[in-house]
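Chain and residue survey
Given next are the chains, with one letter for each unit.
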Amino acid sequence: MSVSHLYTMINHSVTSPSQLLVDNVAKVVQGVSDLLLLLDIDGTLSEFHPDPQQSFISNENLAILAQLQNHLPVWLVTGRSVADARRLTAPLKLPVIGSHGLQCDTLIDSYSLVDIDLAQLQQINQSVINATGNHPHWRIEQKPFGVALHFREHPELADSALTIMQAIGHDFNDWQLKAGKCVYELLPQGVDKGSAINHVLKHYHPHCRPIFIGDDVTDEAGFIAVQSYGDTPNKKGSDIKGIGVKVGFEPTHAHYYVSDVSAVTALLQGLLTLCQS
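None of the values given here were measured: they were computed from a predicted structure.

1. A closer look at the confidence of the model for the chain
Summarising the model, the chain shows a mean pLDDT of 89, and 91% of its residues fall at 70 or more. When the criterion is pLDDT under 50, residues 4-12 qualifies, and its contacts beyond four places in sequence or with other chains add up to 12 contacts.

This is the structure in structure tokens:
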């Protein structure tokens, strides 16, 4: 999916989600015994930091997650690599969908959901370095399955970043350009957070009701996946089983939203209280 197509999809999506609060979470989730909790990291569990390597998850959130995983399955669904997700959530051990849906680590098994051309990955990384001149205003991140160009500290470089990454992507037909908050990333075609969540539901938690919380454009495919889970060809949309929760106020496919990371903490604490009651 092209960046322009993705933004068109967002702008024509649901634009009036309901606010999900501790006061109404019990009514919305309607029981926790069969819930599957899926969580993004940056902008959801951790505050958005200008330098991605300086991001961290608060001790409060880590403590809540440690207790929640005693009651229900909890997965991380992140654009970060599995290794980076592990670093941020240590000492917890949680299954991870990493690299925007390209990596799956169940704690028992770790594998990729798409084939990758490592030679092309190196070529793309070098092309990004050459195009940016390795200038300190840019942050280039080579992941196991992609290359990201961050400009969190200099959002005025957004247009230049898009031009650079589109030009490089034009030379690699098997790669797609993804947009995020102050980042453009080139990744292999064929997988996103939505398809990865469907993989988890099919193979690991087929009888669970998924709730996915995320904040970014790349999370929209995940919202669509969980909210469509349980659809059948003859009853499409008649029995939505999953819950999508957007962090922030941008237009979204999610049926619910919370305001910010602190509201995510309150929501997680509310879910924990339900589990313990």
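2. Looking at the sheet that holds strand S7 (residues 139-143)
If you walk across this open sheet you meet the four strands as S7-S8-S10-S9, and the pairing is antiparallel. Across the chains shown, the open sheet's two edge strands, defined by having one partner strand only, are S7 and strand S9 (175-180). Taking each pair of neighbouring strands and ignoring which way they run, the sheet shows an average axis angle of 20°. Relative to strand S10 (residues 183-188), S9 is paired through six bridges, and the arrangement is antiparallel. Opposite Lys178, over in S10, you have Glu185 as the bridge partner. Across the sheet, helix H6 (residues 158-169) touches strand S8 (146-150), S9 and S10, and the angle it forms with S10 is around 15°.

3. Structural notes on helix H4 (residues 82-89)
For H4, the complete set of buried residues consists of Val82, Asp84, Ala85, Leu88 and Thr89. Buried residues of H4, viewed axially, fall in a sector of 160°; they line one side. In this fold, the buried residues of H4 make contact with helix H3 (59-68), strand S3 (74-77), strand S4 (96-98), strand S5 (103-105) and S7.

4. Overview of the packing of aromatic side chains
What the rule picks out here adds up to four aromatic pairs. On the basis of an interplanar angle of 45° and a centroid distance of 5.4 Å, the ring pair of Phe212 and Phe223 is categorised as tilted. Here the residue Phe212 occupies a position in strand S11 (residues 209-214), and Phe223 occupies one in helix H8 (residues 220-228), the gap between them amounting to 11 residues. Note on Phe212: relative accessible area 0%, which makes it buried. One Lys or Arg, Arg152, reaches over the ring of Phe48 and ends 4.1 Å from the middle of that ring.

Rules and cut-offs
- Residues numbered from 1 in each chain as written.
- Predicted model: local features only at pLDDT ≥ 70, side-chain atom pairs only at ≥ 80, totals over all residues.
- Heavy atoms only, no water.
- pLDDT = per-residue confidence, 0-100.
- Contact = heavy atoms within 4.5 Å.
- Pairing = 2+ DSSP bridges.
- Helix = DSSP H or I, 4+ residues; strand = E, 2+ residues; numbered from the N terminus.
- Axes fitted to C-alpha atoms, helices over the stretch in contact; angles between N-to-C directions.
- Buried < 20%, exposed > 50% of the residue type's maximum accessible area, 1.4 Å probe, protein only.
- Arc of directions from axis to C-beta.
- Phe/Tyr/Trp six-rings, centres within 6.5 Å; stacked < 30°, edge-to-face > 60°.
- Lys NZ or Arg CZ within 6 Å of the ring centre and 35° of its normal.

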